[in-house]
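Here is what each chain is made of, one letter per residue.
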Amino acid sequence: MKLKAFAALATAALVLPLTACGSGTTTGSGSTVTITVGYQSKTINTVTAGTLLRSLGSFEKELNSLRDGTTYKVNWQDYATGAPITAQMTAGKIDIGSMGDFPLLINAARGKQLGRPTRLVSVTGYNLRGGLNTIVTAPDSTLATLADLRGKKVSTSIGSAADGTLVRALQRAGIDPDQGIQKLNQQPAVGASALSAGSADALSQFVAWPGLLAFQGKAKALYDGAALDLPTFHGVTAREDFAKKRPAVLEAFLQAQSEATTYLHDHPLAAAQKVAKATALPAEVVYLYNGAHGIATFDPALKPQLISALKKDVSVLKSAKLVGDVDVDAFVDDQYVKRALGPTTYADQLAASPPPASSEVWPKGASSTRTFASPSALLHYVSSHRDTVRAAYVPDATTGTLWFADRAVWVADGSGLRPFVTAANAQAYLAGHRGAHTISYASALERAS
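Residues numbered from 1 in each chain as written. Predicted model: local features only at pLDDT ≥ 70, side-chain atom pairs only at ≥ 80, totals over all residues. Heavy atoms only, no water.

- An unreviewed UniProt entry lists the chain under the name ABC transporter substrate-binding protein, with Streptomyces mirabilis as the source organism.

Below is the structure:
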């Protein structure tokens, strides 16, 4: 969203009457307080602070356990992107919100500008290489590399994490992100429709749109965001005045987020199915991102490498004139999540590393998945169980980004079969391995069998 449009949205929100958001109305001897949470149901690496959390009822349970004489109600508000959540937060209408790294910076900037500062209080899902954002093209597109985007129409949501990936990727390819392409500023669903209709040549978006379109056969991956090798994440932001007035409530939310994270780790298939039911997304797509070896890693800790990446993001937004200077250190506030989790648990999560990438099959009707030591081993299994496989996932041989096995680009060489998210990743591998060559998925299955 352009800065003027974003400012207009925020200003419009400010003229709305400020109702009881994080504040209470007296009811007899006690009071009733409504806590308003803004979330993005279809941005599924925020589920531990949104869709999954809501379905589990964890926040409401934590609020009930406060026993402070107050009756709490939770008002869940669902949005497609982070911009309207920020507008409502700076208007005093939302207490807690979740959004991606670039929108978080806009949240910080707008809060300070309007005298309603916000604070980044936890992380939801992240990928240390940047694999949460992907650029896709139509299935029959002849575009094969970023260089092919020069002069083309590319849909994205300006100011989003996916736009940041697009800008950085184009810069690395020697293309001016402002003048070298025709950028279309569109909501994810609109951009997906534009790609299908042929009015956009490519689409740069965040979770879960690239995986969804690939799963549906409506797109193929052109650029794997993990090729940037820069962390991307989504996080939870809270209004500073709300946090100071009701710290116990914010800590209850973060404790509930931790419980939802534990549930996701312990029951990944069940969690994927809960999110799928709430969002109407295919469970196979949800699992691609949120599964046991999914693209997103979940824990609430504000890891130093994520905060360092956030600081590097400021320059991208400044060059687009979406923010000025942002004091990231002042924006980040981990005191609430430390208290919610306890110092030992929080320290453990800060030090934890994402699980290693692995090949995985989701058999039809199964309550658990099967993990394989290599993509070749997975292919061997799939070749003899084709009618009973619900979904098969393999990690990119260079970036580790998980992808659907039947949508991957496969390379055969003397040491086996290697999957890649994009043709560009595969070509980079071929350039350094004489005798390696690409083969179809069907051929890969035949070789593995």
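From this point, the discussion proceeds with the structure in view.
1. Remarks on the overall build of the chain
Turning to step 1, where the next piece is worked out: For the chain, the count of helices and strands is 19 helices and 19 strands.
Turning to step 2, where the next piece is worked out: Whereas a compact globule of 449 residues would reach a radius of gyration of roughly 22 Å, the chain reaches 22 Å, a difference of no more than 12%.
Turning to step 3, where the next piece is worked out: Taken along its principal axes, the extent of the C-alpha atoms in the chain is 75 × 50 × 40 Å.
Turning to step 4, where the next piece is worked out: Each of the 449 residues in the chain was classed as buried or not, and the buried ones make up 57%.
Turning to step 5, where the next piece is worked out: The long-range share in the chain, meaning contacts at least 24 apart out of those at least 6 apart in sequence, stands at 74%.
Turning to step 6, where the next piece is worked out: If you sum the accessible surface of the chain, you get close to 17,500 Å²; carbon and sulfur atoms cover 51% of it.
Turning to step 7, where the next piece is worked out: Positive and negative side-chain charges in the chain, numbering 42 and 34 respectively, have mean positions lying 4 Å apart. (Helix = DSSP H or I, 4+ residues; strand = E, 2+ residues; numbered from the N terminus. Rg over C-alpha atoms; globule rule 2.2 N^0.38 Å. Buried < 20%, exposed > 50% of the residue type's maximum accessible area, 1.4 Å probe, protein only. Contact = heavy atoms within 4.5 Å. Areas by Shrake-Rupley, 256 points an atom, 1.4 Å probe, with all protein chains shown as cover. Lys, Arg positive; Asp, Glu negative; His and termini not counted. Charge placed at Lys NZ, Arg CZ, Asp CG, Glu CD.)

2. Quick look at the packing of helix 4 (residues 83-90) against helix 5 (residues 101-113)
Turning to step 1, where the next piece is worked out: Contact geometry of helix 4 with helix 5 gives a least axis separation of 10 Å together with a crossing angle of 25 degrees. What the angle tells us is that helix 4 and helix 5 run roughly parallel. The handedness of the crossing between helix 4 and helix 5 comes out as right-handed. For the pair formed by helix 4 and helix 5, the contact residues are Thr 86, Met 89 and Thr 90 on the first element and Pro 103, Ile 106, Asn 107, Arg 110 and Gly 111 on the second.
Turning to step 2, where the next piece is worked out: Looking at the contact of helix 4 with helix 5 residue by residue, the class counts come to three nonpolar, four polar and one charged. (Axes fitted to C-alpha atoms, helices over the stretch in contact; angles between N-to-C directions. Parallel < 35°, antiparallel > 145°, perpendicular 65-115°, else oblique. Left-handed = near helix turned anticlockwise from the far one by under 90°. Nonpolar A, V, L, I, M, F, W, Y, C, P; charged D, E, K, R; others polar.)

3. Section: the UniProt feature "domain: SsuA/THI5-like" (unreviewed entry) in the chain
Turning to step 1, where the next piece is worked out: Look at the UniProt record and you will see "domain: SsuA/THI5-like" (unreviewed entry) annotated at residues 87-271.
Turning to step 2, where the next piece is worked out: What you have in residues 87-271 is 41% helix and 25% strand, and the ends, taken at the C-alpha atoms, are 30 Å apart. (UniProt positions renumbered as here; feature names shortened; annotations may be inferred.)

4. A short note on the pattern of salt bridges
Turning to step 1, where the next piece is worked out: This structure, assessed with the given rule, holds 15 salt bridges.
Turning to step 2, where the next piece is worked out: Its salt-bridge partner being Arg 390, residue Glu 284 comes within 3.0 Å of it at the nearest N-O pair. Taken together, the residues Glu 284 in helix 12 (residues 283-290) and Arg 390 in strand 15 (residues 389-395) connect sequence positions 106 residues apart.
Turning to step 3, where the next piece is worked out: A salt bridge links Lys 303 to Asp 299; the shortest N-O distance between them is 3.7 Å.
Turning to step 4, where the next piece is worked out: A residue is classified by how much of its surface remains accessible, and Lys 303, at 1% relative accessible area, is buried. (Salt bridge = Lys/Arg side-chain N within 4 Å of Asp/Glu carboxyl O.)

5. Observations regarding the packing of helix 17 (residues 375-384) against helix 19 (residues 441-448)
Turning to step 1, where the next piece is worked out: It is the contact of helix 17 with helix 19, at a shortest axis distance of 8 Å, that shows an interaxial angle of 90 degrees. One element, helix 17, and the other, helix 19, form an angle in the roughly perpendicular class. Along its contact with helix 17, which presents Ser 376, Leu 379, His 380, Val 382 and Ser 383, the element helix 19 presents Tyr 441, Ala 444, Leu 445 and Ala 448.
Turning to step 2, where the next piece is worked out: Taken together, the residues that form the contact of helix 17 with helix 19 break down as six nonpolar, three polar and no charged.

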